[in-house]
Amino acid sequence: MKKDFFEKKIISRAENYSEWYLDVIAAADLAENSPVRGCMVIKPNGYALWERTQEILNKKFKETGVENAYFPIFIPEKFLKKEESHVEGFSPQVAVVTYAGGKKLDEPLVVRPTSETIIYDVFSKWIHSYRDLPLLINQWANVVRWEMRPRLFLRTVEFLWQEGHTVHETEELADIRARQMLDIYKDFAENIMAIPVIQGVKSESEKFAGALRTYCVEAMMQDGKALQFATSHHLGQNFAKVFDVKFLDKNSTSQYGWQTSWGISTRIIGGLIMTHGDDKGIVLPPRIAPIQIVITTIGRPEEQERVSKKAEEIAKMLRSGDVRVHVDARDLRPGEKFYEWEKRGVPLRIELGPKDIDNNVAIFVRRDNGTKEKISFDSILTSAVKLLETIQSDLYNNALKYREERTKKVDTWEDFVKEINSGNFVLAHWSGDKEDEEKIKEETGATIRCIPFTEKEEDGKCVYSNKPSKKRVIFALSY
C-alpha cells in the first residue's frame, strides 16, 4: 500500500464544516484552484457530474420546445448600460476588457456576467411577428463574475451554467413559462439529486436585477444555511423596451414581447456535497452518479484472472439493465480500493473474491449507510436496481427530515434571533417593508430566501417591526 494513501484525511463536519467541504472536494478529486485567483479547474470526476446535469436537463428542456444556441462571451459595455437596474445589480462583479490586439479598444467589452443584453439585441432581429413566438432558447456557457471571496463550486470568478431566454406574446404566457421551468428545476433537485427544495418568489430586494419577478428553489445544507439551487425570472417587458424586442400581433399592431430567463450553475455540485456528504467524503444519489456501481475484485495475483472475468460478466449483466457500472480490477489491496470509491461517493460497491464466486454470491455495500448484504448471482440485476432506488429515496427522505426538523416557526424577535443563530430556517411574518428586511439582515445576517408558494395567508405581525403581515416567509443565513 502506498505510504501516503490514507494521509489525506477529511476533517469531520463537526470540527470544521468549511474545511470539511474543501477536504471532500479534494478527496473526491472533483476540482482544484487554478493559477488565476478565484477560478477553478473542474477535474474529470467533477465534470462528470456536470455532464450528467447537462444530459438530464437538456432532455427535459427540449421536451418543452426549448432549443440550444450559443452567444458571444464578450458584450459591448453600452448594452449593459441600457437597462439601468440591470447594470446597477451587476456592476461590482463585472470584468471589462479595454485592451486587445495590441491597442486600446474603441469600445470596452464586458466579459459575460449573464447574457440578457446581448441575446435580446439578437432577438430583436429574429422576431417580427406573433408567428415567431414563443421563442425558446437555451445556452450552456461559462460566465465571469468578480467574486471577492471565492469558494470552489459555490462562488468562483468563472463558472459554468445554462441560461434559458424566452419571448412570449402575453404576460400570462411568460409567467407560465417561468413557473414551468421552476418546476423542472424542482423535479431535477428532488428526483435526480435527492435534494428537497422550497419553491417561492424572491422579495423585491432579492430579485434579479431588471426582473419583474424572480422565482426560486431553495435548499438547506447540513449546516443549516440556505443554498439558492436555481432561479427563474419573469422579466416582464423591461428588456424588450430597451432592446426593441417587438412583434406584430394578429391585428398588425406592434407589441413588446414578454420575456423570461432561467438558470442553474455548477454551484449545485457544491449543494450536492453539502446535502449528502459525510465524514468519509461525498455521497452521490444513484440517479446523478456517473458511476452507480463499482465492482472491486479481491484475491491473490494468481486468482485475479478468474475473479476479473466474473466481474466483467456481472458488469455486462448490470449494463443490460442500464446501470452505470465500473470494474476496478487494479492490483491494489482491497482497503485501498474501498477507500477510494467511498471518497468518490459511488452509491453501491460490489465486493467480489474467489470465495464469493465459489459460493455463487457477491457482497453489496451501500455507500450511504455502509450496510452489507450477500446477493446471489442469479438475482444481482434485480437486487441492484431495487437497492439503487432505495438509496435514492433514503437520501431524499433523510435530507427532507433534516430540513423539517431544522425549520422553526417563530413569532417573536427574541426567538427569531435565537433560531437564526442556531443555524435554522425560520418561518416568520414580515411586513413587506424593504426597510424592515434590511434591518433584519443588518442585525442577524439573515435574508429572505423566498416567499413560499405553499404558505397560506394568515393575519400576523412582522417579527421585527410588529407591522401587520399576511404571510410568513423563510429567513436563513445563506451561501
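Since this is a predicted model, take the numbers as computed values, not measurements. (Residues numbered from 1 in each chain as written. Predicted model: local features only at pLDDT ≥ 70, side-chain atom pairs only at ≥ 80, totals over all residues. Heavy atoms only, no water.)

Asks: Quick rundown of the overall build of the chain? Include the residues and the values.
Replies: If you tally the helices and strands in the chain, you get 14 helices and 25 strands. Since a compact globule built from 479 residues should have a radius of gyration of about 23 Å, the 25 Å found for the chain is in line with a globular shape. Counting only C-alpha atoms and orienting by the principal axes, one finds that the chain spans roughly 80 × 55 × 50 Å. For the chain, buried positions account for 55% of its 479 residues. In the chain, once contacts between residues fewer than 6 apart in sequence are set aside, the share between residues at least 24 apart is 69%. In the form shown here, the chain has an accessible surface area of approximately 22,100 Å², with 48% of it arising from carbon and sulfur atoms. (Helix = DSSP H or I, 4+ residues; strand = E, 2+ residues; numbered from the N terminus. Rg over C-alpha atoms; globule rule 2.2 N^0.38 Å. Buried < 20%, exposed > 50% of the residue type's maximum accessible area, 1.4 Å probe, protein only. Contact = heavy atoms within 4.5 Å. Areas by Shrake-Rupley, 256 points an atom, 1.4 Å probe, with all protein chains shown as cover.)

Asks: Can you lay out the sheet that holds strand β9 (residues 197-201) for me, pointing to particular residues and giving the numbers?
Replies: Sheet architecture is open: 11 strands sit in the order β3-β7-β8-β14-β11-β10-β9-β22-β25-β21-β20, paired in mixed fashion. In the strand order of this sheet, the two ends are held by β3 (67-68) and β20 (407-409), each with one partner. Relative to strand β14 (residues 258-265), strand β11 (residues 226-236) runs antiparallel, the two being bridged by 5 bridges. Considered in β14, the bridge of His233 is made with Ser261. The strands that helix α8 (residues 267-276) touches are β10 (213-220), β11 and β14; relative to β11, the one it contacts most, it runs at about 145°. Against the sheet, helix α12 (residues 380-405) contacts β9, β10 and β20, and its axis sits at roughly 30° relative to β20. (Pairing = 2+ DSSP bridges. Axes fitted to C-alpha atoms, helices over the stretch in contact; angles between N-to-C directions.)

Asks: Provide a residue-level description of the pairing of strand β15 (residues 293-297), including the pertinent values.
Replies: Among the 5 residues that make up β15, 5 are buried, leaving the element largely enclosed by the rest of the structure. The side-chain alternation of β15 yields two buried faces, one formed by Ile293, Ile295 and Thr297 and the other by Val294 and Thr296. Summarising the sheet, β15 and strand β16 (residues 325-328) pair through 4 bridges and their orientation is parallel. Following the sheet pairing, Thr296 is matched in β16 by Asp328. Each parallel crossover has a hand, and the one from β15 via helix α9 (residues 304-319) to β16 is right-handed. As judged from the 5 bridges shared by β15 and strand β17 (residues 348-352), these two strands associate in the parallel manner. (Right-handed = clockwise from strand over helix to strand, strands pointing away.)

Asks: I'd like to hear about the side chain of Arg403, residue by residue, with values.
Replies: Inspection of the secondary structure assignment puts Arg403 in helix α12. Buried charge without a salt bridge: Arg403, with Glu190 as the nearest opposite-charge side chain at an N-O distance of 5.2 Å. Apart from residues lying up to four places away in sequence, Arg403 is in contact with Pro196, Val197, Ile198 and Met220. (Lys, Arg positive; Asp, Glu negative; His and termini not counted. Salt bridge = Lys/Arg side-chain N within 4 Å of Asp/Glu carboxyl O.)

Asks: How would you explain a negative patch on the surface if you had to name every residue and give the values?
Replies: Taken together, the side chains of Glu435, Glu438, Glu442 and Glu443 define an acidic patch exposed on the protein surface. Within the secondary structure, Glu438 sits in helix α14 (residues 434-444). (Patch = residues over 30% accessible without salt bridge, like charges linked within 9 Å, V, L, I, M, F, W, Y side chains within 5 Å. Charge placed at Lys NZ, Arg CZ, Asp CG, Glu CD.)

Asks: Could you give me a rundown of unusual backbone geometry, with the residues and numbers involved?
Replies: Of the consecutive residues Leu133 and Pro134, the connecting peptide bond is found in the cis state with omega at 0°. Mapped onto the secondary structure, Pro134 falls in the loop between α5 (116-126) and β7 (135-144). The residue Asp322 is not glycine, and still its phi comes out positive at about 65°. Along the polypeptide, Asp322 turns up in the loop between α9 and β16. Here Asn466, not a glycine, exhibits a phi torsion of approximately 65°, which is positive. In this structure, Asn466 sits in the loop between β23 (460-461) and β24 (468-469).

Asks: Give a description of the nonpolar core that names residues and reports values.
Replies: Within the largest apolar cluster, 68 residues are counted, with the highest numbers of intra-cluster contacts made by Trp20, Phe61, Phe188, Phe229, Phe416 and Phe475. One finds Ile293, Ile295, Phe364 and Leu387 within the second-largest nonpolar core, a separate group that totals 28 residues. (Core = buried A, V, L, I, M, F, W, Y, C linked by side-chain atoms within 4.5 Å.)

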